[in-house]
Each structure stands twice: as structure tokens, then as C-alpha cells.
Amino acid sequence: MAKDVQQLDRVIIRFAGDSGDGMQLTGDRFTTETASFGNDLSTLPDFPAEIRAPAGTLPGVSAFQLHFADHDIMTPGDRPDVLVAMNPAALKANLRDLPRGADIIVNTDEFTKRNLAKVGYETNPLEDDSLHAYNVHSIGLTSMTVEALKGIAITKKEAERAKNMFALGLLSWLYNRPTEGTIKFLESKFARNAAIMKANITAFNAGWNFGETTEDFSVSYEVKPAALPAGNYRNMSGNLALAYGLVAASQQSGLPLFLGSYPITPASDVLHELSKHKRFGVRTFQAEDEIAAVGAALGAAYGGSLAVTSTSGPGLALKQETIGLGVSLELPLIVIDVQRAGPSTGMPTKTEQADLLQAMFGRNGEAPVPIVAPRSPADCFETALEAVRIATTYRVPVIILSDGYLANGSEPWRIPDVEDLPDLRVPFATEHNKTFEDGATAFWPYLRDPETLARPWAVPGTAGLEHRIGGIEKADGTGNISYDPANHDFMVRIRQAKVDGVAATIPPLEVDDPSGRARVLVLGWGSTYGPIGAACRIVRADGVDVAQAHLRHLNPFPSNLGEVLRGYDTVLVPEMNLGQLAMLVRAKFLVDAIGYNQVRGLPFSAEELASVIEEVAKR
Amino acid sequence: MSTHGADRPDTRAGRLGALDLVPKARDAQSAKDFKTDQEVRWCPGCGDYAILAAVQSFMPELGLARENIVFVSGIGCSSRFPYYMDTFGMHSIHGRAPAIATGLAASRPDLSVWVVTGDGDALSIGGNHLIHALRRNVNLKILLFNNRIYGLTKGQYSPTSELGKITKSTPMGSLDAPFNPVSLALGAEASFVARSIDSDRKHLTSVLRAAAEHRGTALVEIYQNCNIFNDNAFEALKDPETREDFTIRLEHGQPVRWGEQGQHAVVRAIDSSLKVVDSADVDPSEIVVHDAHAEDPSHAFDLSRLADQTLARTPIGVFRAVDRPVYDDLMRAQLEEAAQTQGAGNATDQLTGLLQGSDTWRVG
């Protein structure tokens, strides 16, 4: 008996379970199925820092949210239409986010007295009518999985562990997802253990078949592919995009890539990914600490590599002295800060964008560095290329401010044609650059390019260019040690002028103001692009005019930013910090920007931002 | 002892000479070629002058292209060294020179990379980088100028100052037990450890030569006199009255004997520790013979423990010089292996393949 298929334009699903339940893997697989089907999508993994918090407790809940649609979408969604709760803790931790009428699929096998007590349920919510506002599907996921795997030579524990694949199979049926990819994935993942492979595939198929036969689900749903711009697509997360951007930049610049890094959440995947690409000449160095990681990178930069260090906020704090040396030595260096909630250790797996001022001002002395920030997971690719362009052209450390949301979130990415990538080649110095009156020549390491103000990149191994540089103030031109007051004043100003000069090569800030009548501008940077964009759509649908502009370049700002800001009565700056960009634009442009600030470790909800924008627009 | 890939002949430690990958100088060099036009600004009488002169006169022996030599330093008096060497040079930040040099050496096998550091720079603020460079066995030569005091900050005790030392920051005496840099390096799995002294040009040069010829990290501790804040710290090793009795000159393959007439020697005690004896009291066959190439570092470690706080029985020379896989060689071998086994097609095709991945779909 074939069931009805109902059309939907968009769905938000949240998979939630214990840290050990494999929810991230389940979410990843569902995402890949959805991506290959051609929906637009956006994901939000949300997991605890503890690898295995005590089983069944609220702190141990790991979740993965996926929003997919037949049209272009900007966020992983605010409120899930469907919650898959593998245990009482997962139900309790996520229930408050569900709208009335949402579907809840629960694993009843875990709703034991003991597990209920662990999270403070006095009665079983599946039995006490407290969930009457929702469509609850009570399913014995564990017991049905174990039953389905009878006859396969594995332990009971191993059989129970496959319950996430049963859930994935059920959801795949419910939303008519293609399954070949997941089967192939399981075959390859468990290639070395035939029994486990068979168990997972059997569980997955059993879940699908259960959906088709059970009377609990009367219809299945379909979300048609989205009409994205033509091209080849793949699903892309932020950290992967950063790594690919750097490999591409290495190829496009002809400079070998060197990554110095120390493991830190949520940046480690950049190290993991780049360590796989040795065939591209990529050297990855797992250092003894954050300081050594950036030090080794700076040493490699001095030797002519495309040098990168990747970290998160606490690591950036440790690297700052070396970044200051990079400012003084005027060497290209890419510093990736995948921001997380701070201060101190903060919440390592939760997102925040509170390192902007640290990136701007966190070093001793006047030590300006260009700062760029990606706006979405896939945008990390282009942001990496742009950071490399600035660093190598101007011989300066560049900080990329990503964050945990971008790092782990994903979206479809239109794969660029390699032929269309920018040419990033830069010349090394090869000969003397200074001629004296008597015709003698010399190499002066601090003689600048008049246009970019960059000094020559003179790498060891170049005959005739032997020179010494260091962190002590250098005389303009010769680079010799200088304590001359006027020289120091000049050098401080010229390093600043060099960074300011980057603005001449960055595109003007674009404003999205469809009606052309907006009096309120919402200005953002980094990962808030999606939520702000989605909020603006909601507001405009209500008939309220609002303009949106989003900064990729935080230092220097695009040349037209002041003009853009002065064109609106009100400038609203939503940030996942206490107003860092707002402080910068207020200081620089004397604009009375209003902040809207949240530091909850989660991205903004679009609905909430929309109500804030409407309120501001109606003042 | 070796890791995987021991059968690959090209880049194995011990098969590749220390300087084989560094281009040679086209013409003969002299010490003068290594002097810069910068005025040397150490205090008159500083031991650093003697070390600088020794390095400048020794460098031509190596016959390396000057542009392929790099001196990297941290912060402190000794760290001004690169400014006076007409090679490439970087005066970096406090304690970090081994880290910076690691990145440079690991990415540029055609360079001869030297780190110049002091007891505060290498053992206090930069201790972590030093021990990790040693264990990785990066192709670096580290010259540690040990004057047992902070000079540039004007006279505070350092991690090698004696317990009880009166300094500006320890008016009632230092409470810190000092490091023995040679013992520390051996504990950090160093493949080459040596000690010399600023005033003995000939000995210093011989140790520098041995270090330069070692593929991997070489640590050379150089006792260096700070005549302003810690004058005569090593006088017992220099004074003609005492030096022969105080100094043990280690020579590989030679019995460990010292004193004007070689009257002192070491033997293995029953508990296998080293015991100092009068040579006349033991059979010559009992005297320990120095083996710098011993796989087990215990022998070198025992020697490093002979000296006491008065510097009596201070060994100088090469404690240990063994072949061990070199970090940058291994890294290069992995890159070559990946290029051979995973690489196919031109660079553009490879990058296209990477960006495409395996799970793609077509729109339009």
C-alpha cells in the first residue's frame, strides 16, 4: 500500500541524543542525502565539549539541526518542525524550542524510570499528557533495532548502537531522501568489519521499512530541489572551506603551504584537513603550543612559504606577541581564529564573535593588522583567498575571524572553476634595490613599494640580499636598528598607512535595500549574515522597509562605509558580543549605531531579530 | 628504533650528510666575509665577542653559500648575535627562536639554520620550545650562551644561577635550584649535546665543527662570561692554577681522565654510577671510555652529573652525537610519498579534483 506524499517547501529537523548516540553522524548523513537531492540547506551542529558526559544527563545532550528547502534559505532555522529525541534528556533539553504542532519522534526504550529521574521528570511525559500540543511518535527504536539485527554475529551492545541508523532510515523514508549514498558510506566506513557493516545497513533499511509499514506515519513528505544558480554543487562546512581555500591559494600563489597549529576546539578540523593534502606540498606542523605554532609559521613565511596558523580565541591571545613580530618584520602570515564563547575557556563548542577587538587591538604597541570575516560556511573559501591576497601583497599578518557556527555548519557550495580563481602570484626580491650616488648598490630590506608600501620579500638563499631583521625598531629603508624618535614616529605611521591602504583594493560595501525607501540599516559582520538576512526577509514581508549591509573587511573598512552609514536615520548592529563592531563604527564615524547583542553561544534566531528590527523601524 | 619508511634510502638520518642539501659557496671565504657593517654593542670585555669571533672564523670552513645560512635569535644579550653575522638573520622575540627556526628549517632543507640563545631565553621563557626542538630532532644548530645571569635586564638570577645566588631580585639569595642544560637536553632526547667555553677558541671551534656536521638538532652549551653582572663565573675553568683539575675534556673513544698528569679518572662503581678515582689507584682498563655514539643516553647523562656547583669536574666536549631520524627529512619524505602515490595529473586537475570531492550534484 503506497502512502500519500505531501509537498512541503521547507523543513527543520533536529536530531538529539546522548553524546554517544551518534547524532552528529546521523545529522551529517541526512545532510548529505539532502544535499545530493538538490535542496538548499543549512546546518547547525550543537554538541557539548565533553567527549562523553555522563550518559542520559542534560549536559550530555548532543544535537544536530538541519533546515532544508525548495528555495534559497539563510539559516539552520529557529524552531524545529521535527525533533528526534533518543532519550528523556534530549526531549527535555530541546522541547522549549519546538513550536506547537511539531512532530516528536521519541525512543521509548530509553524512557525508563531511572532515565526520567536523571533529568528530573517525575512522571513520564509520554504518558502524562504534557506533550498534548505536539504530534508524538513513540517508537521503541532500540528494541526494534536489536530485533532487526537478530542473526548478525554482534553483541547486544553493538546492536543497540546501530539505533541511530534505524532513526536515520525512518527519517529518510519520511522525507523521501535518496539512500544509496548512505549505504555506500556505511560500506566504506565499516569495510574492515563485515558484521558491523551489515548491522548498520540492516538497521538503516529496517528504519525505512518501518516508516513505510507503520500506521503511525500516514504520509511522507517531499521537498522539491531548490532552484539554485546553475553549476556543480557539494555540501561545504566552514573549516573545510577554509582548508580548501588555503590549498587553492597555495596553488594560485605558487607558494608552498605551511600550517603551524596546536589542537583547539573548534579550529582543529583545519589542521586535520590540511594534514591530508601533503600531495599538494602542504606541510602541517602540530606544535608544542600555540606560540610555537605561530612562531613556526612565521619562520616558514620568512623562508617564502604561504604560512598559516589556526586557532581559537585563547590561542589567539597566546599568539599575539608573535603576530606583533610579524607586523614589525612585515611578513605575510595568515592567522585563523575560529571564535568560540569566552572569556578564558568559556564554552569551547559554542559560537560567539567576541574576538573582534582582540584581533584589532590585542597586541602591544601600534600593531595594525587587516581583518576579514566569512559570512557563511561556504564563504570561508573565498575569505581565505582574500586573506592570502592581502597578506602577500602587503606583507602583513592577516586575521581571519571565523566562528564555531561557521566552522561546523554547512550549506551547498557551488564549486568554482579553478580557471576562475584569482592569480595570487607575488614576486620575491632578487636583486639590490638601492643605488647610491656613486653608483654602488645595496639591498635595503625596508625600502617600500610606493603604491602598496610593502617592503620586499627577500627570502634566504637569494645571493646578495643577506640582511638582518628583527623586532627592534628599524630605520626606514636600511632596516638597521634605530632608536631615533622621528624614525619611530615615521615607522609607526607608515605601518598604519600600509594597512589603511588595503581599503583601496577592496570593493565598496553593497547595501541590500530592495524598496530603496529604508530608513533603517542593519549592519553586521561574520556569521550573523544568515540570521540578519532571514530576519530582513521576514520584516519586508510584513511591509516594513529595511536595508542590510554586511562587512567582510573589518580592518580596514570599505572606503564607502562612512557614507553608507550616514545615509540612514538608524543603524542597527546585531552582534554575538556586547557591541564590538558598534564601538568601532561609533568611534570611527561618529554614528549613533544601536547594538543588539546576545552571547548565548548560539546564532541569532531570525524571528527574534525580525521583531527587534521591526521595533526599531517603527520608532 | 626507526619509524616506518626505514627502507627509503634518500633521506634517512645518518645517510644524508648534515650539509648535503645546502648549496656551496662559489668562492673561498674568510672570516671577514661574515662580518657586518654594524657596530658590535656588547659591553667591553663580554664573552660574546670571543664566541662571535670564533663563529666568524669557523664559518668559512663549512664552505656554504652565505645566503643559505640563517641565524635566528630570541631576546637577550646573546640574541644580538645575528646583527653581526653577514648572513640572513632574524632577531625575534623572547624564547621563541627554536620555534621560528623549526618552521624555517622544516620548510627549507637548503638552509643551514643556527639558533643563538641564552640561559634565560632558552631555559626559562623558551624552555618548552627548546625541549621540543630537541625531541623532534629538527635540523638546527642551537648555541646556548650560558652566563648564569640575566644581563640585558641588568642582573637578575637565571635558571642556571646557583642556589643561594645574591642578585638584584634575590637580595637574600636565590631559592631556585638550577637546571643543568646538558642533563636537560639529554632528557629531552637530544641527538647531539656538547659543551664548550668562550675563552678556549680551539676547543669551541672543534665543538662547533662537530655540531655543524651533525644532521638533526645540535645543542652546544657555551659557558660565557658576563663581566658586568656575573664576572668570573667560570673562572675555575680558566685560571691556569685550577683549570686542569676542574675540566674534563671529553674525547670520543678516549678514557675519561683529567688533571695535569691525568691523575683523575672515573670508573663504574658496583651500583653502576660513575665514581671519581685517582688514576694511580685503578687498573687503566677500569677507566670509563667515553662513547659519544652510545645509543643509550645514560652514559652521557652520568657524565653531565659529575660537576658540582663549584664547577669541579666539569666535562667539556661532545657528550652525545647519535644518528636519529630528522624531523624535516621525515616531513619531506611524507610529502614526496604523497606526491608519488596520490598525485596524478597537473596541478589544475588535482585542485579541481580536490574541490569537486565525491558527493556532488548538478543544478541547471
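Cut-offs and rules
- Residues numbered from 1 in each chain as written.
- Chains lettered and ligands numbered in written order.
- Predicted model: local features only at pLDDT ≥ 70, side-chain atom pairs only at ≥ 80, totals over all residues.
- Heavy atoms only, no water.
- Helix = DSSP H or I, 4+ residues; strand = E, 2+ residues; numbered from the N terminus.
- Rg over C-alpha atoms; globule rule 2.2 N^0.38 Å.
- Buried < 20%, exposed > 50% of the residue type's maximum accessible area, 1.4 Å probe, protein only.
- Contact = heavy atoms within 4.5 Å.
- Buried area = accessible area lost by both parts, 1.4 Å probe.
- Salt bridge = Lys/Arg side-chain N within 4 Å of Asp/Glu carboxyl O.
- Polar contact = N/O pair within 3.5 Å; in protein donor to acceptor, adjacent residues only side chain to side chain.
- Pairing = 2+ DSSP bridges.
- Axes fitted to C-alpha atoms, helices over the stretch in contact; angles between N-to-C directions.

Q: Where do I start with the overall build of chain B in this structure?
A: Looking only at helices and strands, chain B has 10 helices and 12 strands in total. A compact globule built from 364 residues would reach a C-alpha radius of gyration of about 21 Å, and chain B, at 23 Å, matches this within 12%. Structurally, chain B occupies a C-alpha span of about 90 × 50 × 45 Å along its principal axes. The buried share among the 364 residues of chain B stands at 57%. Put simply, of all contacts in chain B between residues at least 6 apart along the chain, 68% involve residues at least 24 apart.

Q: For this particular structure, what's the right way to read the interface of chain B and chain A?
A: Quoted interface sizes are often the accessible area lost when the parts come together. Contacts between chain B and chain A engage 58 residues on the former and 72 residues on the latter. Note on chain B versus chain A: buried area summed over both sides is about 5400 Å², and carbon and sulfur give 62% of it. The largest share of the area that chain B buries against chain A comes from B:F88, B:L355 and B:W361, three residues that together contribute 16% of it. Inspection of the region where chain B meets chain A yields 2 salt bridges. With a closest N to O distance of 2.8 Å, A:E288 and B:R136 form a salt bridge. For the pair chain B and chain A, the number of links is 23 residue pairs in polar contact (both at pLDDT 80 or more).

Q: Sorry if this is basic, but what is going on with the sheet that holds strand β2 (residues 88–91) of chain B here?
A: Backbone hydrogen bonds are what pair the strands of a sheet, in a parallel or an antiparallel way. Pairing is mixed across the open sheet formed by 9 strands, whose spatial order is β19(A)-β2(B)-β1(B)-β3(B)-β4(B)-β6(B)-β5(B)-β11(B)-β7(B). The sheet is open, and its two edges are formed by β19 (468–470) of chain A together with β7 (247–249) of chain B, each paired on a single side. Each adjacent strand pair in this sheet contributes to an overall mean axis angle of 20°, direction not counted. Direction of pairing for strand β1 (residues 69–73) of chain B relative to β2(B): parallel, over a ladder of 4 bridges. Its bridge partner lying in β2(B), B:S73 is registered against B:H91. Contacting β19 of chain A together with β2 of chain B, helix α12 (residues 313–329) of chain A crosses the sheet at an angle of about 135° to β19(A).

Q: Can you help me understand the pairing of β1(B) in this one?
A: Residues and elements named next belong to chain B. In terms of burial, β1 is largely enclosed, as 5 of its 5 residues are buried. Because side chains alternate across β1, one face comprises the buried residues I69, F71 and S73, and the other comprises V70 and V72, equally buried. With 5 bridges joining them, β1 and strand β3 (residues 112–118) adopt parallel strand pairing. Of the residues in β3, the one forming a bridge with S73 is V116.

Q: Where do I start with the sheet that holds strand β7 (residues 135–139) of chain A in this structure?
A: Residue and element names in this part refer to chain A. The 6 strands are arranged β3-β4-β2-β5-β6-β7 in an open sheet whose pairing can be described as mixed. Because the sheet does not close on itself, it has two edges, and the strands there are β3 (40–46) and β7. Going across the sheet, the axis of each strand differs from the next one's by a mean of 15°, ignoring polarity. Taken together, the 5 bridges between strand β6 (residues 103–107) and β7 define a ladder with parallel strand orientation. Directly across from V106, in β7, lies its bridge partner S138.

So yeah, pure geometry; function would need other evidence.
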